[in-house]
Amino acid sequence: MNSPDLPNPADLTAGDLTAGELLEDFARRGVTIALDGQGLSIRAPKGVLTDADKRTLALNKERILARLRAGGSDDFPLTDVQQAYWVGRRSVALGNVGCHAYREFAADDLHVGRLETAWRRLVARHAMLRAVVTEDGRQRVLAEVPDYRIEVLDLRGRPDAGARAAAVREAMSHHVFDPARWPLFDIRVTRLDGEVRVHMGMDLLIADAASMLQLYREWGALYADPDAALPPVGRPFREFVTDTAPDPAEQARAEAYWTPRLAELPGPPELPRAGAVEGPPRFARHSLTLDAATWRPLLERARDAGLTRANLLIAAYADILAAWSKTQRFLLTLTTFKSPPGFERTVGDFTSTLLLEADARAATFRDRATALQARASASSSRVEVKSPT
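Residues numbered from 1 in each chain as written. Predicted model: local features only at pLDDT ≥ 70, side-chain atom pairs only at ≥ 80, totals over all residues. Heavy atoms only, no water.

Draft legend 1. Focus on helix α11 (residues 309-324). End to end, α11 covers 24 Å across 16 residues, agreeing with the expected 22 Å (1.5 Å per residue, within 8%). For α11, the set of buried residues is N311, L312, I314, A315, A318, L321 and A322. Of the surrounding elements, those touching the buried residues of α11 are α10 (292-304), β10 (329-337), β11 (351-359) and α12 (365-380). (Helix = DSSP H or I, 4+ residues; strand = E, 2+ residues; numbered from the N terminus. Expected span 1.5 Å × (residues − 1). Buried < 20%, exposed > 50% of the residue type's maximum accessible area, 1.4 Å probe, protein only. Contact = heavy atoms within 4.5 Å.)

In structure tokens form, the structure reads like this:
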């Protein structure tokens, strides 16, 4: 099956689709097409390639060869958020760090070969898993990449197993990927006595939080059944960057809402600094878990005040920042991860941001929280104002 937004190449003549579009369509169905000397190497899951597909490949062989020799898909711009991630890892204040996600999964046992094969299929299926960022700040999807190998560290029976496993976590959780070098992910396996750990790090330049959850689901499905038929992938992420734009009427409403507010919006919270930072900064995540006996009555009081649980937590976060900030009125940046219609199963960074004004000068938490929720509702109902690419 193909994306509903892209016709089946078998139904089209050679001039209807470019070679790049043909490659992208086959890649979305898990078909890997690569250079093999003067010819093509084609690998596909069982039953995916139809006779019509084979005729299409034969008819377009020379165009596909030329495209692969030229380096695959055309470069395309970064989104505003990707641009911020890219710039932020350079020499700016509190920079030199990557915006990336790190997770660990534990199992009693694991077949690394099956795990590796399943991930390779995802690399072929999702174009952004083959993406890099060029030195001039544009993203490029590589048509051909080497088979990815998962590094395995066997620590069974070793007295220093705990320390060495912790060292892997320390190194991977703070790794800064070079955006110009593939891959922008790192997967390793550590074997311990009675446990296997999968370490997974991924640069958020190529996938947002929602995309990563999708990848985990698909990875698990393919590990459980290597011949599993996954649903078709959505439109290419490149089309989201280059071809989508807000509805003109929504754009006008957004500009009418935000433009008058620009002059009156506060800045960020003015938080204290412990001193000069030497070398790349280290960021740590702090969290607090409320037990049910505390959370339930708090949630009931929030409902009585008309507060959602999300806005309750945002208000608490704003109060914590206000306790340390020199100013009691400041901006928070909230992130959302929602792909537009047609891109629901496309892996990429669809992150958008929402500016939310926090004002801690109201006397009670209830007043501060309800005012914050009202501002959040007003701001989120206006589409972002997109800058031209």
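Draft legend 2. Here's a closer look at the packing of α11 against α12. Running from N to C, α11 and α12 cross one another at 115°; their axes reach a closest spacing of 9 Å. The interaxial crossing formed by α11 with α12 has right-handed handedness. On α12, the residues that touch N311, L312, I314, A315, A316, A318 and D319 of α11 are F365, R368, A369, L372, Q373 and A376. The class makeup of the residues in the contact of α11 with α12 is 9 nonpolar, 2 polar and 2 charged. (Axes fitted to C-alpha atoms, helices over the stretch in contact; angles between N-to-C directions. Left-handed = near helix turned anticlockwise from the far one by under 90°. Nonpolar A, V, L, I, M, F, W, Y, C, P; charged D, E, K, R; others polar.)

Draft legend 3. Molecular detail of the pattern of salt bridges. One pass over the structure, following the stated rule, counts 17 salt bridges. Salt-bridge contacts for D160 lead to R158; the nearest nitrogen and oxygen are separated by 3.2 Å. Judged by its relative accessible area of 38%, R158 is partly exposed. One salt bridge in this structure joins D359 and R361, with 2.8 Å as the shortest N-O distance. Taken together, the shared-partner salt bridges connect E116, R120 and R149 into one network. (Salt bridge = Lys/Arg side-chain N within 4 Å of Asp/Glu carboxyl O.)

Draft legend 4. Broad picture of the nonpolar core. Among the nonpolar cores identified, the biggest contains 50 residues, and W119, L129, F185, I187, M202, I206 and W219 are the most heavily contacted of them. Counting residues per element, the ones that place at least two in this core are α4 (80-88), α5 (112-125), β5 (131-133), β8 (185-192), β9 (195-203), α7 (209-224) and α8 (237-243). By size, the runner-up hydrophobic cluster in this structure holds 17 residues, among which are L312, A315, L356 and A358. (Core = buried A, V, L, I, M, F, W, Y, C linked by side-chain atoms within 4.5 Å.)

Draft legend 5. Highlighting the confidence of the model for the protein chain. Across the protein chain, pLDDT averages 86, with 90% of residues at or above 70. Across residues 1-15 the pLDDT falls below 50, and counting only partners more than four positions away or on other chains, this stretch makes 34 contacts in the model. (pLDDT = per-residue confidence, 0-100.)

Draft legend 6. Geometry of the sheet that holds strand β6 (residues 138-141). Pairing is antiparallel across the open sheet formed by 3 strands, whose spatial order is β3-β6-β5. With partners counted over all chains shown, the strands left at the sheet margins are β3 (76-77) and β5, one partner each. Here β3 runs beside β6; their pairing, made up of 2 bridges, is antiparallel. Bridge pairing in β6 links F76 to Q139. (Pairing = 2+ DSSP bridges.)

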